[in-house]
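# Observations on the model geometry
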Amino acid sequence: MYKQLQQRGMDSPPVNIGTLRQMKAEGEPIAALTAYDASFSQLVDMAATDLVLVGDSLGMVIQGHDTTVPVTVDDIVYHTRIVTRGLRRAFLVSDLPFMSYATPEQALDNAVRLMQEGGAMMVKLEGGRGQTAVVECLAQHDIPVCAHLGLKPQSVHKIGGFRVQGREREAAQRMVEDALALQNAGADIVLLECVPNEVGKAITAAVDVPVIGIGAGPHVDGQILVLYDILGITQGRTPRFVKNFMVGADSNLAAIEAYVQAVKDRSYPAEEHCFS
Ligand code: KIV
């Protein structure tokens, strides 16, 4: 809080949930990135990224696992705690990892850890209408929630791979209903991963809360990417929506600034980053 009070006079005050809602209302794209440590979170913040996510993608890009499933609450608490030291302005969201929110009580205990021990300002969980009781419980305790729909990486073994979701009409309709159910339960943000442009557009129009997309097309309220993907660190085949912003940049900071600018001027995502 003291840090926030000191920053009130800054040109660009710290981002909060009200700022994000206002950006949606005014049509200003929200630029978001993941971060996992203090050095990179400082660069991400310096580049005026609006929202930083300590994602369970750290299981893959930091720990070298094939999926996010092995990530624990302790891992997220540790990375959140070190990321927060690099931030001055960005809004900090942390993932509730696999099976850390199977009941409302468990979700509450673990969300409290991410906020009190880590310093997160919001928690993110994966799931549709089946998670409304969990979201309601968190919201009743004034814990801000981001609901992750579309491709849910924690369900990779259930869905049989990392694939585009919502291509069939019924599945797309169901996802719109899920987004509304989660909003009505108290979710403050919807994050949409790997869906056709039209699904991103329909959900963004249907809900009042900001919708942040990753591989969800240009019609959502904001974009998020995995930091190591935009810096060209990730080896091997990357998803269609990834763009390496190190190409043409002379530093990590310049690449992150180029990403933020591209989100703000809507030159990212281009057609080649989208699904139909
Ligand atoms: O864990 C993560 O980094 C995420 C992003 C892919 C949005 O959920």
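Residues numbered from 1 in each chain as written. Predicted model: local features only at pLDDT ≥ 70, side-chain atom pairs only at ≥ 80, totals over all residues. Heavy atoms only, no water.

## A word on the side chain of K124
Heads up, the rule is: Every helix listed is a DSSP run of H or I at least four residues long, and every strand listed is a run of E at least two residues long, numbered separately from the N terminus. Exposure is judged per residue with a 1.4 Å probe applied to protein chains only, and the accessible area is read against the type maximum: over 50% gives exposed, under 20% gives buried, and values in between give partly exposed. Polar contacts, as used here, are pairs of N or O atoms within 3.5 Å; protein pairs need one atom able to donate a hydrogen and one able to accept it. Residues neighboring in sequence count only if both atoms are side-chain atoms. Contacts were defined at the residue level, with two residues in contact if any of their heavy atoms lie within 4.5 Å.
Mapped onto the fold, K124 is located in strand β4 (residues 122–126). For K124, a relative accessible area of 3% corresponds to the buried category. Within polar-contact distance, the side chain of K124 engages the side chain of D95 at 2.8 Å. If sequence neighbours within four positions are ignored, K124 has contacts with L53, V93, S94, D95, L96, C146, H148 and L191.

## Examining the site of the ligand
The criterion, for reference: Whether a residue is near a molecule or strand depends on its heavy atoms: it is near if one of them lies within 4 Å of it. Note on areas: Shrake-Rupley, 1.4 Å probe, and residue coverage restricted to the protein chains presented here. Side-chain classes follow a simple rule in which Ala, Val, Leu, Ile, Met, Phe, Trp, Tyr, Cys and Pro form the nonpolar group, Asp, Glu, Lys and Arg form the charged group, and the remainder, Gly included, forms the polar group.
Around the ligand sit T34, L53, G55, D56, S57, D95, K124, H148, L191, E193 and I214, and that is every residue in its neighbourhood. For the ligand, an oxygen atom lies 2.5 Å from a polar atom in the side chain of S57. Within the contact set of the ligand, an oxygen atom lies 2.8 Å away from a side-chain nitrogen or oxygen of K124. Relative to its free-state accessible area of 260 Å², the ligand is covered by the protein chains to the extent of 95%. Within the shell around the ligand, the residues separate by chemical class into three nonpolar, four polar and four charged.

## Regarding the pairing of strand β1 (residues 30–34)
As a reminder of what qualifies: Strands are treated as partners if at least two bridges between them are detected by DSSP.
Counting buried positions along β1 gives five out of five residues, so the element sits mostly inside the fold. Burial of β1 is two-sided: the residues I30, A32 and T34 facing one way and the residues A31 and L33 facing the other way are all buried. Bridge count for β1 against strand β8 (residues 222–225) is four bridges, and the pairing is parallel. Counterpart to L33 in the pairing with β8 is L225.

## Remarks on the pattern of salt bridges
The line we're drawing: Any carboxyl oxygen of Asp or Glu that lies within 4 Å of a side-chain nitrogen of Lys or Arg is treated as forming a salt bridge with it.
Per the counting criterion, the structure on display carries 10 salt bridges. For the salt bridge of E28 with K264, the shortest nitrogen-to-oxygen distance reads 2.8 Å. Of this pair, E28 sits in the loop between α2 (17–26) and β1 while K264 sits in helix α12 (residues 252–264), placing them 236 residues apart in sequence. Given the relative accessible area of 24%, K264 is considered partly exposed. A salt bridge links R129 to D178; the shortest N-O distance between them is 2.5 Å. Residue R129 is found in the loop between β4 and α7 (132–140), and its partner D178 is found in helix α9 (residues 169–185); the two are separated by 49 residues along the sequence. When salt bridges with common partners are traced through the structure, they connect E28, D50, R89 and K264 into a single cluster.

Read these as layout, nothing more, since geometry by itself doesn't imply function.
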